[in-house]
Amino acid sequence: MGHPKGLYVLFFAEMWERFSYYGMRALLIFYLTKHWLFDDGKSNLIYGAYTSLVYITPVLGGYLADRYLGQRKAVVFGAVLLTLGHLLMAVEGDGGQGSAAINVFWMALAFIIVGSGFLKANISVIVGQLYPLTDVRRDGAYTIFYIGINTGAALGTIMAGWLGETYGWAYGFGAAGIGMLLGLVVFVLGKPLLLGKGEAPRPLSKKLEWSLYGIGLAAIVVIWALVQYQSVIQTLLIISGVALLGYVLFESFKLEPHARDRMFAVLFLIALNPVFWGLFEQAGGSLNLYTDRYVDRGGVPASLFQSINPIYIVLLGPIFAGLWVWLGKRGLEPSAPAKFGLALAQVGLSFLVFVWGAHTVGVEVATPVFFVFAIYFLQTTGELCLSPVGLSAMNRLAPKHLASLIMGAWFYMTAVGNFVAGKIGEATGGESGEMTKEATLAVYSTIGWWTIGIAAVVLALSPFVRRLMHLDTLRNDGDHAMAGEAELAEPQAAGVNPAAATRH
């Protein structure tokens, strides 16, 4: 397909990592409500806290990889922690919050959270390192990578969800652990195909390397405590978010004017993450519970409906990748900020369509399963306008020495969105903590309309933000430029430069 072989090593490693993560995610809200016996509101909050921490820790993992460890070793260490964490999830105990085994459960979450921190941002950065900055294959590579992510997510959801709900929690979580182990094996064996990308920025002593691993293990203990106290996470999100924003701005003002403007554009795009993911991540929380209790699903286990989104991604991803290329060649492709506005409009509309569908048959009647497919369809088309485009924009617009930090900041704001999702899910439980159909639909209607309004503002601002990106002066690094070749720039955030297409 005209891409480096290393891309497919990353594809398969990330596919199995997503197999494990999404397989476990499909079951988590049911595990919390049915096995550990938390109420609906508390379960949504724990779910949101867990998923938010999964996206916060890449800031630490990205920083350590940038400065000391290198992305490849960080990914290997993260994969080891993830494998152990998913296997610990298979320890059930007696159930209920009085069971001693619940401490093993919290520890398993901590291993998964820290492991994700070392793996998630860094494997995405290695994808970008395989290509020159103005290589027209970059967005195609990220779309292929994204399809790998969602192939694993679909398979993991179906396998782990079916095993967990049919035969027992340990079988579902055990399958997720085996999937992660396969991902680790693929990545280690595929090292030669990465062509030296993702290595440490300077020679790394064994003492320093093992000290960094020690920091990771210490972080597990901290996260074990944090995940049990969600209010503390909320406070830390606010404090650390302000600190991260301040540091990025501090670094931005050291840059030359065009690079500084690009960083401002990056911050604008990153700031939209909490809005999108706050709605999108209802899928594994409140929407998962709603599907279990209030949807006419014909006896299909509710967790299996979590596979709809990744299946849509696999089917629609190539179509969207081709669409951006087709529009780009004709000068009609929306800019990255405009795509973000379209993404917000679609995720907001998805909830309004779902609420309308539930009301058409009456609140007292089970919601037709068609509207579950409809809400995931609109959320998926929105996701394809935001997530792969955002990954590519972060990698392209950030200065090389800040690449992993900016990717970490992207995931950090996704973390904020996941915590927001938990708070929204908690609201569907009302004061009693138990979800009701009427209250949930009312919450969905409110967030849908608000997001449509925000989308309109983003679309209005998108031409200004695009100018801040200065794509006309974006250059390859000197070591990427081909001999005798002029350094070429792409006119769009996620398109094809027809002039460059003839040279690569």
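### Description of the packing of aromatic side chains
So, point 1. Considering all chains together, one arrives at 30 aromatic pairs under this definition.
So, point 2. Here the aromatic rings of Y31 and F105 are separated by 5.6 Å at their centres, their planes lie at 70°, and the arrangement is edge-to-face. On the criterion of sequence distance, the pair formed by Y31 in helix α1 (residues 5-35) and F105 in helix α5 (residues 102-129) is long-range, its members being 74 residues apart.
So, point 3. Here Y31 falls in the buried class, since its relative accessible area comes to 0%.
So, point 4. Three or more aromatic residues joined by ring pairs form one cluster here, namely Y31, W36, F38, F105, W106, W169 and F173.
So, point 5. One residue, K34, lies across the ring of F30, its end atom 4.9 Å from the ring centre.
So, point 6. Over the face of the ring belonging to W324 we find K339, whose NZ or CZ atom lies 4.0 Å from the ring centre.

### Things to note about the packing of helix α2 (residues 40-56) against helix α9 (residues 230-252)
So, point 1. For the pair α2 and α9, interaxial distance at closest approach is 10 Å and the crossing angle is 40°. Here α2 is positioned oblique relative to α9, judged by the angle of their axes. Once α2 is placed against α9, the crossing between them reads as left-handed. When α2 is examined against α9, the residues K42, L45, I46, A49, S52, L53 and I56 are found in contact with a partner set consisting of Q230, I233 and L237.
So, point 2. Residues that form the contact of α2 with α9 fall into these classes: seven nonpolar, two polar and one charged.

### Some words on the nonpolar core
So, point 1. If you look at the biggest cluster of nonpolar residues, it comprises 154 residues, and the most contacted ones within it are L10, Y50, M89, F105, F354 and M394.
So, point 2. Take this core: its biggest share by element is 17 residues, from α5.
So, point 3. Other than its neighbours up to four places away in sequence, M394 contacts V266, L269, I270, I406, M407 and W410.

### Description of the confidence of the model for the protein
So, point 1. Residue-level pLDDT values for the protein average 86, and 94% of them are 70 or greater.
So, point 2. For the stretch residues 477-504, pLDDT sits under 50, and the model shows 66 contacts to residues farther than four places along the chain or on other chains.

### Topic: a nonpolar patch on the surface
So, point 1. A grouping of I158, I311 and L315 is seen on the molecular surface, where their side chains present a nonpolar patch of about 240 Å² in accessible area.
So, point 2. Along the polypeptide, L315 turns up in helix α13 (residues 308-329).

### A word on unusual backbone geometry
The phi angle of most residues is negative, glycine excepted, and most peptide bonds adopt the trans form.
So, point 1. A positive phi angle, close to 65°, is found at L37, a residue other than glycine.
So, point 2. By relative accessible area, which is 54% here, L37 ends up exposed.
So, point 3. Positive phi, normally seen in glycine, also occurs at L195, with a value near 55°.
So, point 4. Mapping L195 onto the fold places it in the loop between α7 (169-189) and α8 (206-226).

### A look at the environment of G285
So, point 1. Of note, G285 is situated in the loop between α11 (273-280) and α12 (286-294).
So, point 2. Residue class for G285 comes out buried when judged on its relative accessible area of 1%.
So, point 3. In this structure the C-alpha to C-alpha distance between G285 and E426, which are 141 residues apart in sequence, comes to 9.3 Å.
So, point 4. Excluding anything up to four places from it in sequence, G285 contacts I29, N44 and Y47.

### Comments concerning the packing of α1 against α12
So, point 1. Where α1 contacts α12, the axes come no closer than 9 Å and their chain directions differ by 70°. With respect to their mutual orientation, α1 and α12 come out roughly perpendicular. In the crossing of α1 with α12, the sense of the turn from one axis to the other is right-handed. For the pair formed by α1 and α12, the contact residues are A26, I29, F30, T33 and K34 on the first element and N288, L289 and D292 on the second.
So, point 2. When grouped by side-chain class, the residues that make up the contact of α1 with α12 number four nonpolar, two polar and two charged.

Rules used throughout
Residues numbered from 1 in each chain as written. Predicted model: local features only at pLDDT ≥ 70, side-chain atom pairs only at ≥ 80, totals over all residues. Heavy atoms only, no water. Phe/Tyr/Trp six-rings, centres within 6.5 Å; stacked < 30°, edge-to-face > 60°. Helix = DSSP H or I, 4+ residues; strand = E, 2+ residues; numbered from the N terminus. Buried < 20%, exposed > 50% of the residue type's maximum accessible area, 1.4 Å probe, protein only. Lys NZ or Arg CZ within 6 Å of the ring centre and 35° of its normal. Axes fitted to C-alpha atoms, helices over the stretch in contact; angles between N-to-C directions. Parallel < 35°, antiparallel > 145°, perpendicular 65-115°, else oblique. Left-handed = near helix turned anticlockwise from the far one by under 90°. Contact = heavy atoms within 4.5 Å. Nonpolar A, V, L, I, M, F, W, Y, C, P; charged D, E, K, R; others polar. Core = buried A, V, L, I, M, F, W, Y, C linked by side-chain atoms within 4.5 Å. pLDDT = per-residue confidence, 0-100. Patch = residues over 30% accessible without salt bridge, like charges linked within 9 Å, V, L, I, M, F, W, Y side chains within 5 Å. Areas by Shrake-Rupley, 256 points an atom, 1.4 Å probe, with all protein chains shown as cover. Salt bridge = Lys/Arg side-chain N within 4 Å of Asp/Glu carboxyl O.

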